[in-house]
Amino acid sequence: MTEETITLNLGPQHPSTHGVLRVLLELDGEVIVDAKPDIGFLHRGLEKLSEHRTYQQILILTDRIDYLAAMSNNFAYVLAVEKLLELEVPKRAQYIRVALVELQRIASHLFWLGTHAHDLGAMTPLFYALREREDIMDIFEAISGGRLTPSFMRFGGLAADADGTFVKNTKKFTDAFAEKVDDYENLLTENPMWLSRTRTVGMMSKEFCINTGISGPMARAAGIEWDLRKSNPYSSYEDFDFEIPTGLQGDVFDCYMMRIREMRESAKIVSQAVDGLPESDGSPIKAKVNKFPAGEVYHSIESPRGELGFYIVSDGGKSPARLRVRPPSFVNLQGVGELLKGRLLSDAVAIIGMIDIVLAEVDR
Amino acid sequence: MGVTRLGGATVITDSLDWIIKWSQRNSLWPMSFGLACCAIEMISAAAARYDMARFGMEVFRPSPRQADCMIVAGTITRKMQPAVKRLYEQMAEPKWVVAMGACACSGGIFPTYAVVQGAEEFLPVDIYIPGCPARPEALIDGLIKLQQKIKRDKVR
Amino acid sequence: MTLDGLTEKIGDYIKETDSFRDEVTVTVDRDAIIPVCRILKEDADCSFDFLSDCCGLDRLPETPRFMVVYQLYSLRYGHRVRIKVPLEEDDAEIESLTPLWKAANWLERECFDMFGIRFTGHPDLRRIITPPGLEGYPLKKDFPLEGSETT
């Protein structure tokens, strides 16, 4: 009797790949011998399209790059363009931006939590997490008109100023949020089934993460104390008091704890931002921009998935000569082949989930 | 439709077509087929606030063999197109296709080399739901229109 | 890291420098890319241990036509540097950085996929995100946005 491996195709249509990802698994029984991710099923030619759109029009495209964190994409893009233009952003706009982006981080992590738990068999957290996320969507819709794709940031500020309703609803959300996170933790953190499916699964070392270019909650789960909001602060993040959680062994459980704790920290930042919101000094909330100087800039932010950067090469025209998106999910996903080797088939879902990929960002 | 009483029991009689269509439209099982951003709004539509379960549709079946309705939620890229076609062919009759979102309707905001300009290029679409992304209410409205279409049309 | 600091470490290899908007950019020849990156990664004052990004650039109608652009970051010091390597259109080949950083693997594959730039020594250089059967390299300036009839 000879031993042969079988090839199993995971995706591109699969409830647990979180999008159109295909992973070709070679199995020896239940053990994964080799795993090859196959991507490109959501490649829409965004970078090429950007060369044919004006800088203002590209803002709409950026929402669709990482659709779970649209505000973060808008933010990274406008910061890069503002760097190119050397544009000052009023303090009030900076604080509102921080509040919106941190709310977006919470929404993104909530969605991740719900779907990840659902993949591993825990169906209840999905409904709880989406319930809280709807509150955040309401806040976004009230201020910008869009739930998932707000396109709210503008060069030099925002599309519109925030009013008392924004402050009130945001405070209401953050005041109640810590209890909600306690609810999720009650369901999962000490649950023996959750622990057995996530502890010691997909462990990553610091060296592996740094060498593979992994950033964001995954890198922090492996013990690397690195968050661009602290190491290279932008948009007044240095004014806020928050902690950077780190993990011990970089397994699925640590990644889960990172995101839970980040949600708590983000709620603190949002609270501080709206409490300390500077009064409007009369300056317009956005700038009128017509000319874009020639030059190159790269600016990155800490998006919910890791280092999201925009590299813009301008030749002085209305459209960029090159717009490159540094996609955190794409770089983080590279490591999955190695992480899956030697694991069981059921761990494949847990490990792919811990990366928190958004395929539109992976493929652009 | 006729309603009579027969020895203490209430009996409702109607044409077989009507009964088949009634049961089909009130238990449409969508195939979980989210491609891009619209998929997130589809999941939100299935969650607690918008609750597609009210219409008999909360049972998303991952397997095409068990699904009635394919909600193409998101951009269809050239690489994904063969997979979509194959999944459609694997679904058993009767089946319906809902194109959710601007990308599934007509390619959306991506007139590029890599994007199929609408699901109708290779699938028979029954309902088009515009939006970028289509709001959960819009999806539910579209699905209700699908239910009405099933009621109106000949039985499949 | 300041331009002076960099010149001390890799001055021999630098062809051009730029510091637009306080960002340090150095242009080096393609033969220098591995030695330069090795110095920048291993030197204690530089400590550029993180390869943030690697992408291509098509400068048509300028020559040399292509540029490969690397963004390096130091986790220790929080500083960044951009390294650019010009490549001629008919000789678009450069050594792969995969021996130094595993992160270069998919990033270089995408650069190849989009521009046709070949990375010698790459363990698995093949197209990664474009549709199979696509002819041509999409991010080249002469590739039409809607694609041609062969796509």
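Residues numbered from 1 in each chain as written. Chains lettered and ligands numbered in written order. Predicted model: local features only at pLDDT ≥ 70, side-chain atom pairs only at ≥ 80, totals over all residues.

**Let's talk about the overall build of chain A**
Phase 1: Secondary structure assignment for chain A yields 15 helices and 8 strands.
Phase 2: Here the C-alpha atoms of chain A give a radius of gyration of 21 Å, agreeing with the 21 Å that 2.2 N^0.38 yields for 364 residues.
Phase 3: Summarising its shape, the C-alpha atoms of chain A cover approximately 80 × 45 × 35 Å along the three principal directions.
Phase 4: Split into buried and exposed, the 364 residues of chain A put 60% on the buried side.
Phase 5: In chain A, the share of contacts with a sequence separation of at least 24, taken over all contacts with a separation of at least 6, comes to 70%. (Helix = DSSP H or I, 4+ residues; strand = E, 2+ residues; numbered from the N terminus. Rg over C-alpha atoms; globule rule 2.2 N^0.38 Å. Buried ≥ 20, exposed ≤ 12 C-beta atoms within 10 Å, placed from the backbone. Contact = placed C-beta atoms within 7 Å.)

**Digging into helix H5 (residues 124-144) of chain A**
Phase 1: For H5(A), spanning 21 residues, the distance from its first C-alpha to its last is 30 Å, which sits close to the expected 30 Å at 1.5 Å a residue.
Phase 2: Just beyond H5(A), the residue with positive phi is A:Gly145, at close to 95 degrees. (Expected span 1.5 Å × (residues − 1).)

**Describing the nonpolar core**
Phase 1: Formed by 218 residues in total, the largest nonpolar core has its most connected members in B:Val72, B:Val98, B:Met100 and C:Val68.
Phase 2: With 15 residues, the top contributor of residues to this core is helix H4 (residues 91-119) of chain A.
Phase 3: Setting aside its immediate chain neighbours within four residues, B:Met100 contacts B:Cys38, B:Met42, B:Ile71, B:Val72, B:Ala73, B:Ile129, B:Ala134, B:Leu139 and B:Gly142. (Core = buried A, V, L, I, M, F, W, Y, C linked by C-beta atoms within 7 Å.)

**What to know about the environment of A:Ile65**
Residues and elements named next belong to chain A.
Phase 1: Mapped onto the elements of the fold, Ile65 is located in the loop between helix H2 (55-63) and helix H3 (70-85).
Phase 2: Residue classification places Ile65 among the buried positions, given that 28 C-beta atoms sit within 10 Å.
Phase 3: For the pair formed by Ile65 and Ala360, sequence separation is 295 residues and the distance between their alpha carbons is 5.4 Å.
Phase 4: Not counting chain neighbours up to four residues away, the residues in contact with Ile65 comprise Leu46, Asn73, Val325, Ala360, Glu361 and Arg364.

**Describing the interface of chain B and chain A**
Phase 1: In this assembly, 27 residues from chain B lie in contact with 26 residues from chain A.
Phase 2: Breaking the side of chain B that touches chain A down by element, the ones donating at least two residues are helix H2 (37-46) and helix H3 (81-90) of chain B.
Phase 3: Broken down by element, the residue count for the side of chain B that touches chain A peaks at 4 residues, all from H2(B).
Phase 4: Each residue belonging to the side of chain B that touches chain A can be placed in one class, and the counts come to 18 nonpolar, 5 polar and 4 charged. (Nonpolar A, V, L, I, M, F, W, Y, C, P; charged D, E, K, R; others polar.)

**Quick word on the interface of chain C and chain B**
Phase 1: Between chain C and chain B, the contact holds 8 residues from the first and 7 residues from the second.
Phase 2: Its residues assigned to classes, the side of chain C that touches chain B shows 4 nonpolar, 3 polar and 1 charged.

**Let's talk about the sheet that holds strand E6 (residues 127-129) of chain B**
Residue and element names in this part refer to chain B.
Phase 1: In spatial order, the strands read E3-E4-E5-E6; together these 4 strands make up an open sheet with parallel pairing. One side of each edge strand has no neighbouring strand; the edge strands of this open sheet are strand E3 (30-31) and E6.
Phase 2: Bridge analysis of strand E4 (residues 69-73) against strand E5 (residues 96-100) gives 5 bridges, and the strand direction is parallel. Bridge pairing in E5 links Cys69 to Trp96. (Pairing = 2+ DSSP bridges.)

**Section: the packing of helix H1 (residues 16-25) of chain B against helix H5 (residues 136-152) of chain B**
Residues and elements named next belong to chain B.
Phase 1: Closest axis-to-axis distance for the H1/H5 pair is 9 Å, and the angle between their directions is 170 degrees. One element, H1, and the other, H5, form an angle in the roughly antiparallel class. Along the contact surface, H1 presents Lys21, Gln24 and Arg25, while H5 presents Gln147, Ile150 and Lys151.
Phase 2: In the contact of H1 with H5, the residues fall into 1 nonpolar, 2 polar and 3 charged. (Axes fitted to C-alpha atoms, helices over the stretch in contact; angles between N-to-C directions. Parallel < 35°, antiparallel > 145°, perpendicular 65-115°, else oblique.)

**Looking at the packing of H2(B) against H5(B)**
Residues and elements named next belong to chain B.
Phase 1: In contact at an axis separation of 8 Å, H2 and H5 are set at 75 degrees when each is read in the N-to-C sense. The orientation of H2 relative to H5 falls into the category roughly perpendicular. Residues Glu41, Met42, Ser44 and Ala45 of H2 pack against Pro136, Leu139 and Ile140 of H5.
Phase 2: Among the residues making up the contact of H2 with H5, the classes are represented as 5 nonpolar, 1 polar and 1 charged.

**Section: the pairing of strand E2 (residues 22-28) of chain A**
All names here are of chain A.
Phase 1: Note that strand E1 (residues 6-10) and E2 share 5 bridges and pair antiparallel. In the sheet register, Leu10 faces E2, and the bridge partner there is Val23.
Phase 2: Of the pairings in the sheet, the one linking E2 to strand E3 (residues 31-38) comprises 7 bridges and is antiparallel in character. Note that in E3 the partner of Leu27 across the bridge is Ile32.
Phase 3: Between the antiparallel neighbours E2 and E3 lie 2 residues, among them Gly29 with a positive phi of about 75 degrees.

**Comments concerning the sheet that holds strand E4 (residues 66-73) of chain C**
Residues and elements named next belong to chain C.
Phase 1: One open sheet accounts for 5 strands, arranged E1-E2-E5-E4-E3; its pairing is mixed. A single partner strand is all that each edge strand has here, and the edge strands are strand E1 (14-18) and strand E3 (50-58). Pairwise comparison of adjacent strand axes, ignoring direction, gives a mean angle of 20 degrees for this sheet.
Phase 2: With 8 bridges connecting them, E4 and strand E5 (residues 80-87) associate as antiparallel partners. Pairing of Tyr73 across the sheet is with Arg80, part of E5.
Phase 3: Helix H2 (residues 33-42) rests against strand E2 (25-28), E4 and E5 of the sheet, and its axis sits at about 175 degrees to E5.

**Details of the environment of A:Leu187**
Residue and element names in this part refer to chain A.
Phase 1: Inspection of the secondary structure assignment puts Leu187 in helix H6 (residues 164-188).
Phase 2: Owing to 15 C-beta atoms within 10 Å, Leu187 belongs among the partly exposed residues under this scheme.
Phase 3: Counting along the chain gives 62 residues from Leu187 to Pro125, while the straight-line C-alpha distance between them is 7.6 Å.

**Points about the pairing of strand E6 (residues 295-303) of chain A**
Residues and elements named next belong to chain A.
Phase 1: With 8 of its 9 residues buried, E6 lies for the most part within the structure.
Phase 2: Here E6 pairs with strand E7 (residues 306-314) via 9 bridges, running antiparallel. Within E7, the position partnered with Tyr298 by the bridge is Tyr311.
Phase 3: The hairpin formed by E6 and E7 contains 2 residues between the paired strands.

**Comments concerning unusual backbone geometry**
Phase 1: For the peptide bond that leads from B:Glu93 to B:Pro94, omega is -10 degrees, which places it in the cis range.
Phase 2: By secondary structure assignment, the location of B:Pro94 is in the loop between H3 and E5.
Phase 3: A cis amide bond, omega -5 degrees, links B:Cys132 with the succeeding residue B:Pro133.
Phase 4: Inspection of the secondary structure assignment puts B:Pro133 in the loop between E6 and H5.
Phase 5: For A:Asp356, which is not a glycine, the phi torsion comes out positive at approximately 60 degrees.

**Observations concerning the environment of A:Ala35**
Residue and element names in this part refer to chain A.
Phase 1: Here Ala35 is to be found in strand E3.
Phase 2: Look at Ala35 and you get buried, because 22 C-beta atoms sit within 10 Å.
Phase 3: Linking Ala35 and Gly342, residues 307 residues apart in sequence, is a C-alpha distance of 9.8 Å.
Phase 4: Sequence-distant contacts of Ala35, that is, excluding residues within four places in its chain, are made with Val23, Leu25, Val336, Gly337, Leu340 and Lys341.

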